[in-house]
Amino acid sequence: MFASTLAASVTLNNGDAVEFGQGTGLVIACDEEIVTRINEEWSDLLQDFRVSTIELTDLNVAVPLLAAQDSGCGGKVIKIQLLNSLGDPLTIGDSSGLTEISVTLPLGGGGTPSDITSGATAVFEATLGVDEGTLTVTIDGSVDPVAADVYRVTLESESSGV
């Protein structure tokens, strides 16, 4: 027997924003729509295509005044993981134990991403006003994931303490 439960309203964390998500059609508390794209390039060392950049487009970096859905991710830390077909995180960056890239988003569109994980660089380019644009993370560390091994991209956001 199969059953399902549907809820019109769920309250978690005493009504404060709770953020989680994965995949392309992702919903997180600070931004309701972020599109992910993986770019690849040939690696002579790997003799395969490696992930060269990860792009997050339609990213809202407005500074949230209240903890509300789609209020903006400005100043938050975004953590990016690449998962294989079994759901296990791939190694990425400058260390064989590193399985995520984290970057602190700028406070509004006028800033620059900071506190990027070792083995990666990040650039934010405003494309629609100053608070919406594309975050491009370039993987330039010594550990390169093979592009064909990537089955899913996960994103997680958290407060940066700013």
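Residues numbered from 1 in each chain as written. Predicted model: local features only at pLDDT ≥ 70, side-chain atom pairs only at ≥ 80, totals over all residues. Heavy atoms only, no water.

Along the chain, the position of Ile34 falls in strand β2 (residues 31-43). Assessed through its relative accessible area of 2%, Ile34 is described here as buried. Spatially, the C-alpha atoms of Ile34 and Leu59 are 5.6 Å apart, while their sequence positions differ by 25 residues. (Helix = DSSP H or I, 4+ residues; strand = E, 2+ residues; numbered from the N terminus. Buried < 20%, exposed > 50% of the residue type's maximum accessible area, 1.4 Å probe, protein only.)

Applying the stated rule across the entire model yields one disulfide. In this model Cys30 forms its disulfide with Cys73; the gap between the sulfur atoms is 2.0 Å. Handedness of the Cys30-Cys73 disulfide follows from its S-S torsion of about 85°: it is right-handed. Linking Cys30 in the loop between β1 (26-28) and β2 with Cys73 in the loop between β3 (48-60) and β4 (77-83), this pair joins segments that are 43 residues apart in sequence. For the residue pair Cys30 and Cys73, the accessibility class agrees, reading buried in each case. (Disulfide = S-S within 2.5 Å.)

Pairing between β3 and strand β7 (residues 132-139): six bridges, direction antiparallel. Among the inter-strand pairings, Leu56 is bridged to a residue of β7, identified as Leu135. Note: strand β6 (residues 120-128) against β7, eight bridges, orientation antiparallel. Residue pairing for β7: Leu128 is matched across the bridge by Glu132. Linking β6 to β7, which pair antiparallel, is a turn of three residues; within it Gly129 sits at a positive phi near 70°. (Pairing = 2+ DSSP bridges.)

A few words on the pattern of salt bridges. Evaluation of the coordinates by the stated rule reveals three salt bridges. Residue Arg50 is joined to Glu41 by a salt bridge in which the shortest nitrogen-to-oxygen separation is 2.8 Å. Taking relative accessible area as the criterion, Arg50 reaches 11% and is therefore assigned buried. Accessibility expressed as a relative area gives 37% for Glu41, which makes it partly exposed. Of the charged contacts in the structure, one is a salt bridge between Lys79 and Glu158, with a shortest N-O distance of 3.4 Å. Here Glu158 lies in strand β8 (residues 152-158) and Lys79 lies in strand β4, a separation of 79 residues in the sequence. The class for Glu158 is partly exposed, based on a relative accessible area of 32%. (Salt bridge = Lys/Arg side-chain N within 4 Å of Asp/Glu carboxyl O.)

Let us now look at the pairing of β4. With five of seven residues buried, β4 lies mostly within the body of the structure. Note that β4 and strand β5 (residues 101-104) share four bridges and pair antiparallel. Bridged to Ile80 within β5 is Ile101.

Attention now goes to the sheet that holds β4. Within a sheet, adjacent strands bond to each other through the backbone by hydrogen bonds, running parallel or antiparallel. In spatial order, the strands read β5-β4-β8; together these three strands make up an open sheet with antiparallel pairing. Every other strand in the sheet has two partners, leaving β5 and β8 as the edge strands with one partner each. Averaged over all adjacent pairs, the angle separating strand axes in this sheet is 20°, with direction ignored. (Axes fitted to C-alpha atoms, helices over the stretch in contact; angles between N-to-C directions.)

With that settled, the discussion passes to the nonpolar core. With 26 residues, the main nonpolar core has Ile54, Leu56, Ile80, Leu82 and Leu135 as its most contacted residues. Secondary structure elements with two or more residues in this core: β3, β4, β5, β6, β7 and β8. Per element, the largest residue contribution to this core is four residues, and it comes from β3. Ignoring anything within four residues of it in the chain, the contact list for Leu82 reads Ile38, Val51, Ile54, Asp88, Pro89, Leu90, Ile92, Pro145, Val150, Arg152 and Val153. (Core = buried A, V, L, I, M, F, W, Y, C linked by side-chain atoms within 4.5 Å. Contact = heavy atoms within 4.5 Å.)

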